Structure formats: structure tokens, C-alpha cells
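Next come the chains, spelled out residue by residue.
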Amino acid sequence: MTLSARGIGLRLSGTPVLSGIDVPDVGPGQVLGIAGGSGAGKTLLLEVLAGLRVPDTGRVRVRASPDALRHGFVPQDDIVHRALPLRIALEYAARLRGTDPADVPRVLDELGLTPFAEQPVRTLSGGQRKRASIAIELLSRPRLLLLDEPTSGLDPLAGAQLTRYLRRLAATGVTVVLTTHTPADLLRCDQVLFIAPNGRPGPSGAPADLLRSSPDGTLEALYPVEAAARTPADPADATDGADDADDADDADVTDDTDGAEPVSVAAVPVTGGPRQWAVLTGREVRLLRHDRLTAAITVGSPLVIIAMFALLFRPGVFDPDHPSPAASAMVLFWIAFGAFFFGLAYGLPQICGELPVLRRERRTVLRLGPYLLAKLTVLGPVLLFADALLLVVLRALDRLPAAAPSVHVSLFVTTALASFAALALGLCCSALVSEPSQAALVLPLLCFPQVLFSGAFVPVPRMAAGGRWISVAMTNRWAFEALGSGADLERLWRGGGAEGRALLASYADSFGRPPWYGWAVLAGCAVGLLGVARLVLGHRCPAARHRVSRTAAGRGRP
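What you see is a predicted model, and the numbers here were worked out from it, not measured in a lab.

Procedures and definitions
Residues numbered from 1 in each chain as written. Predicted model: local features only at pLDDT ≥ 70, side-chain atom pairs only at ≥ 80, totals over all residues. Heavy atoms only, no water. Pairing = 2+ DSSP bridges. Helix = DSSP H or I, 4+ residues; strand = E, 2+ residues; numbered from the N terminus. Axes fitted to C-alpha atoms, helices over the stretch in contact; angles between N-to-C directions. Contact = heavy atoms within 4.5 Å. pLDDT = per-residue confidence, 0-100. 1 Å grid on protein atoms, 1.4 Å probe; cavity = no way out; pocket = protein on both sides within 12 Å on 5 of 7 lines; lining within 4 Å. Points joined across faces, edges and corners; volume = space filled by probe spheres on them. Nonpolar A, V, L, I, M, F, W, Y, C, P; charged D, E, K, R; others polar. Buried < 20%, exposed > 50% of the residue type's maximum accessible area, 1.4 Å probe, protein only. Phe/Tyr/Trp six-rings, centres within 6.5 Å; stacked < 30°, edge-to-face > 60°. Lys NZ or Arg CZ within 6 Å of the ring centre and 35° of its normal. Expected span 1.5 Å × (residues − 1). Salt bridge = Lys/Arg side-chain N within 4 Å of Asp/Glu carboxyl O.

1. Side note on the sheet that holds strand 6 (residues 144–148)
Next up, step 1: The mixed open sheet is built from six strands, whose spatial order is 5-6-7-3-8-9. One side of each edge strand has no neighbouring strand; the edge strands of this open sheet are strand 5 (71–74) and strand 9 (201–205). Taken pair by pair, the neighbouring strands of this sheet meet at an average axis angle of 15°, ignoring direction.
Next up, step 2: In the sheet, strand 6 pairs with strand 7 (residues 175–179) via five bridges, with the strands oriented parallel. If you follow leucine 145 over to strand 7, its bridge partner there is valine 176.
Next up, step 3: Across the sheet, helix 1 (residues 42–49) is in contact with strand 3 (31–36), strand 5, strand 6, strand 7 and strand 8 (191–195); its angle to strand 3 comes to roughly 145°.
Next up, step 4: Sitting on the sheet, helix 4 (residues 126–138) touches strand 5 and strand 6, and the angle it makes with strand 5 is about 160°.

Below, the structure written as C-alpha cells:
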């Protein structure tokens, strides 16, 4: 595969960040190094070449036979699930891309990672993690490999070893394009392209020719400097362009294979939705098994909350002969809130912790539907078990009414739907934030309104008009009312004397609707929030779609 570009121009938020950039022809067996100061636009140019951004002007030209139209893009971050052993992480990446997991040993051997195959990725050194990130792309046998600062953060020895490997990889017929801040890396390239600080063309050519033209015989002296250079806050400094809406457009790439029909540049086997769901579900289970702290919190938090319930409420509050109306309302409210908390706490850390991995996989084959469904498939049974355990223990300790099985089934359906609605809310918020620490800050902000506007402490009929409107959006309100309806609180309170009659007057018809009404609202909230989460992820992690046009005379662009 041969790559070149002419007249590349790009604007972000109306500001020119690349202007008139020409990329010389770089073909099989060659390495092109893109250099420049911080904020010059190296990453932006690499994303344009990879088809992740659409240039405002200019064209990217790819010349290759259809069976060679495979490329890989390695971002700057080390983007691998760190909790998994290296071999397992690569095998799941292979299955997701539709390639043979049997290729994993070959790739590990090529990158010198075989001795570390069974180690968790988090225990690898910086250089080893860089190679692991490259290994994921090599699974699809790319003929063009683009790397964003692959030696960043490595010591000189590790950086030299990595660039030597890239030279060996190029010798097998792969075209390699990389960005770098390290002049030593440029000396190992066949061609070098400098970008000026304002995104304009700088010197380019073979390293030997550039050294001869350098004022002091070093490549450092060739770094262009201009007074109008952008500050680090400018758009071109962003190394992650996945959040821009422009990314979702089709890349303008030209295939010069005469007479060939338009084909996709990223000719990676397409994995179907059911297959992706199965692979992602298996990976989620392995992640839960290997991340022992998360597994302990997932299993242990319901047990702690159940113990607190048992200590907080005395038994017999639902005894029809000696009812405790206020306590019975509080028991049901905290059951509703416990189900909400289970779902929210499980959902919040799920996406933000692996957002870089998700962005990378979206650039290849990942679909968001199977991704979210895999989260539900793994976390759903855990939530159902936690809800069932909560109700069973509370009933065994006489904190719930002695009623027919249908009543307890109703209570379980309500808590399950409340948990799934909260899980969907957690996934939605996790898609909006960027780090687990931000998700931790969001947790109390989401919990307080659910407590205050649920109608337990201030009945909905007694709220101010604004509070009543806010309560409509609180899933905890609908769970609380459905639990009260299922447990027939109104009948219990009628036998509760003056206290019961006062509560009946305060809550009015809050528990007068059948449980299925609350179920419908909770199910609708869950589906709606999952839809929002998908839309948010589609914006933040757009799939790279490539358009290839033919350039033979008389043929138009598709």
C-alpha cells in the first residue's frame, strides 16, 4: 500500500490547524516520520491520513490492490484492558475483529512479548505496553500502520528498540507512518516531514538530506518556529479527536487501482452483532474475574446494605394487627433506593474506565448495540441476585409482609426494574464523563434528588409545583409507589389508627395505581436512558467510515 496526500487543510471551530500540507509518497518497506513542535498538528494530520478526520481541503491518496487495503491506527495512549493477561486481551481483540485467535502467539513472538503473555497488562513496562498496543493492530495483518508518538514516555533504550522493530516490520512490506518528538526516531525513518507550529508545511525529505541542509548538522535545528505559534490550549494540541462531530463523517480517500470498484480502506472482516455481543460478554466476565477489587465490591456491597437494613428496622412493621405505618413506608422506600443504588453503583464505572479502549475499537469494527447489551448481560444477573437476596433476607427477618407469593413476585419485579433503570442511568452518565474519579463525584449528585423527590419524606401531593414536576423524572418515585401498591400499604394503613389515617391523607392516591403502571414507567426510563447512552457514545466514539473514490479519467466520486 502506498500513501500520499496533497494540500491537506483542516479547520477546528473555525480556526485553521493544518494548511497546505503535502505528504510525500510512502510505500511498502518505508517509514515516514512526522515531526514538529507541540500543537503543530501532527496528531491531526495522522488522523486525516487514517480516515478519522475529514480534511476541509486536499486529498489523501491510497494506491493498493483490493486485497491489500488493510490499515491499522495506534493512538498515543496504551489502549489495552489492563486487568486482563496480555494473551487473553489479544485473543478477545482478535475475536472482536473477526480474525483468528491462533495468530496471537505469532504476534507476541514478533514483538518479543511471548515471555509476558500470561502477565496482566498493568504489570508490563511502558515499552511492553506500547508493543502490546501495536500487537492489537497487527492481528489484522495491516499493510499500512499509522502510529501516534509510539516512543512517547519511553526511555531511550526502549524507544530505540521499538523503532528498530518498526523498521523490521516495514521490511516485510508494511508501510509505516509515525509521529514523534524524538529526533533519534527520525534518523531511523526513510522520509521526514516537519510541520510548522501554525500547521503549515515545514522541511521534508530524507534524513541525510535534511542533516546536510541543517544549520548545525542536527535535526533539532530544523524544527520550524514562528511567532504566531498556537498556545497549548489551542485545538491542534488535542491528541484525541474522537469527540469532534466531524469525525463521524466519511473520509475522502482515493484509490488509484484502475478499473476497480470502490472498496473500504479498512478491509477488516466485519463481525456480526450477535458475534460481537458474545465476545464482549465473555470479555466482561473475564474482566470481572481478574479485577478482584471490583468483583469484591460488586458482590460485597449488596451484603453490606442488607445488613444495614436488618439493623435499621425492627421486625413486625407490616403486622396487620399491630402495624407501624410510618416505618412500613420507610422500609419500602429504602428497598426502592437500595435497588436504585445497586444499579447506579454498578453502571457508573463501566464505560468511563474503558473509554479509550472503546474509541479504538469503534475505529475498527465495534458496534454500540452489542457493547451496551454485553454490559446488561453481565451486570443484569448480578443485580437480579442482589435484589432477590435483599427481599428474601428482609422477609426472613420479618421486615416484609407475610403475604401470598404473588405479592413478593410483584415486589421483586419492581426492584428489578428499578435496578435496571438505575443501571441505564449509570451507563448514560458513565458515557458522559471521562474518568472514574468524575463518576464518583456524580454518584451523590444523582442520589440526593432520588431521595428528596421520591415522595417518601415529602409526599408528592404535598410538594410544591416544581417538586412535583421534578418527581416525575425520578425513577425512585415510581419504584416506591409500585412497591407500596404491591404491598397494599393503603389497606395496612387503614388499620393503623390515627397515624395511618394521617398518612393516607398525606399520600392521597400515590399508591392507588396498580404496580404495572410503575413497571411501565421504569421500563420506559431504562430503554430511554440506554438510547441516550448510545447516542452519547456515538458522538464521543464515532466509527471511522472510509470512502474510496476512483481517479480514472471520466469517473466521478461516489
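2. A look at the confidence of the model for the chain
Next up, step 1: Averaged over every residue, the pLDDT of the chain is 83; residues scoring 70 or more account for 87%.
Next up, step 2: Taken together, the stretch residues 226–268 has pLDDT below 50 and engages in 125 contacts with residues farther than four places along the chain or on a different chain.
Next up, step 3: When the criterion is pLDDT under 50, residues 545–558 qualifies, and its contacts beyond four places in sequence or with other chains add up to 46 contacts.

3. Quick notes on empty space enclosed by the protein
Next up, step 1: Evaluation of the coordinates by the stated rule reveals seven cavities of 30 Å³ or more.
Next up, step 2: Approximately 140 Å³ is the volume attributed to the largest cavity.
Next up, step 3: What lines the largest cavity is a set of 14 residues, among which Ala93, Ile136, Arg283, Val357 and Glu361 lie closest to the centre.
Next up, step 4: For the lining of the largest cavity, the secondary structure elements donating two or more residues are helix 2 (86–97) and helix 11 (355–362).
Next up, step 5: Ranked by residue count, the leading element in the lining of the largest cavity is helix 2, at four residues.
Next up, step 6: Its residues assigned to classes, the lining of the largest cavity comprises eight nonpolar, two polar and four charged.

4. Notes on the pairing of strand 8
Next up, step 1: Burial of strand 8 is extensive: five of the five residues sit out of reach of the surface.
Next up, step 2: Burial along strand 8 is two-sided: the face carrying Gln191, Leu193 and Ile195 and the face carrying Val192 and Phe194 are both buried.
Next up, step 3: Across three bridges, strand 8 lies against strand 9 in antiparallel orientation. What sits directly across from isoleucine 195, in strand 9, is proline 201.

5. Remarks on the packing of aromatic side chains
Next up, step 1: Enumeration over the complete set of coordinates arrives at 15 aromatic pairs.
Next up, step 2: Of the aromatic side chains, those joined through ring pairs into one cluster are Phe333, Trp334, Phe337, Phe340, Phe341, Phe457, Phe480, Trp493, Tyr507 and Phe511.
Next up, step 3: One Lys or Arg, arginine 95, reaches over the ring of tyrosine 92 and ends 5.4 Å from the middle of that ring.

6. Section: the layout of surface pockets
Next up, step 1: In this structure, the largest pocket encloses a volume near 970 Å³.
Next up, step 2: Lining of the largest pocket is provided by 29 residues; of these, Asp291, Thr294, Pro349, Gln350 and Gly353 occupy positions nearest its centre.
Next up, step 3: Every element with two or more residues in the lining of the largest pocket is listed here: helix 8 (273–290), helix 9 (292–312), helix 10 (325–352), helix 11 and helix 12 (368–396).
Next up, step 4: Classifying every residue of the lining of the largest pocket by side-chain character gives 16 nonpolar, six polar and seven charged.

7. Points about helix 10
Next up, step 1: Over its 28 residues, helix 10 extends 42 Å from the first C-alpha to the last, a length consistent with the 40 Å expected when each residue adds 1.5 Å.
Next up, step 2: Across the 28 residues of helix 10, 22 count as buried, placing the element largely inside the fold.

8. A look at the pattern of salt bridges
Next up, step 1: For the coordinates displayed, the defined rule picks out 21 salt bridges.
Next up, step 2: As a salt-bridge pair, aspartate 25 and arginine 63 come within 2.9 Å of each other at their nearest N and O atoms. With aspartate 25 in strand 2 (residues 15–26) and arginine 63 in strand 4 (residues 57–63), the pair connects residues that are 38 residues apart, well separated along the chain.
Next up, step 3: Taking relative accessible area as the criterion, arginine 63 reaches 28% and is therefore assigned partly exposed.
Next up, step 4: A salt bridge links arginine 106 to aspartate 103; the shortest N-O distance between them is 3.9 Å.
Next up, step 5: Through salt bridges with shared partners, a single network forms among Asp103, Arg106, Glu110 and Arg141.

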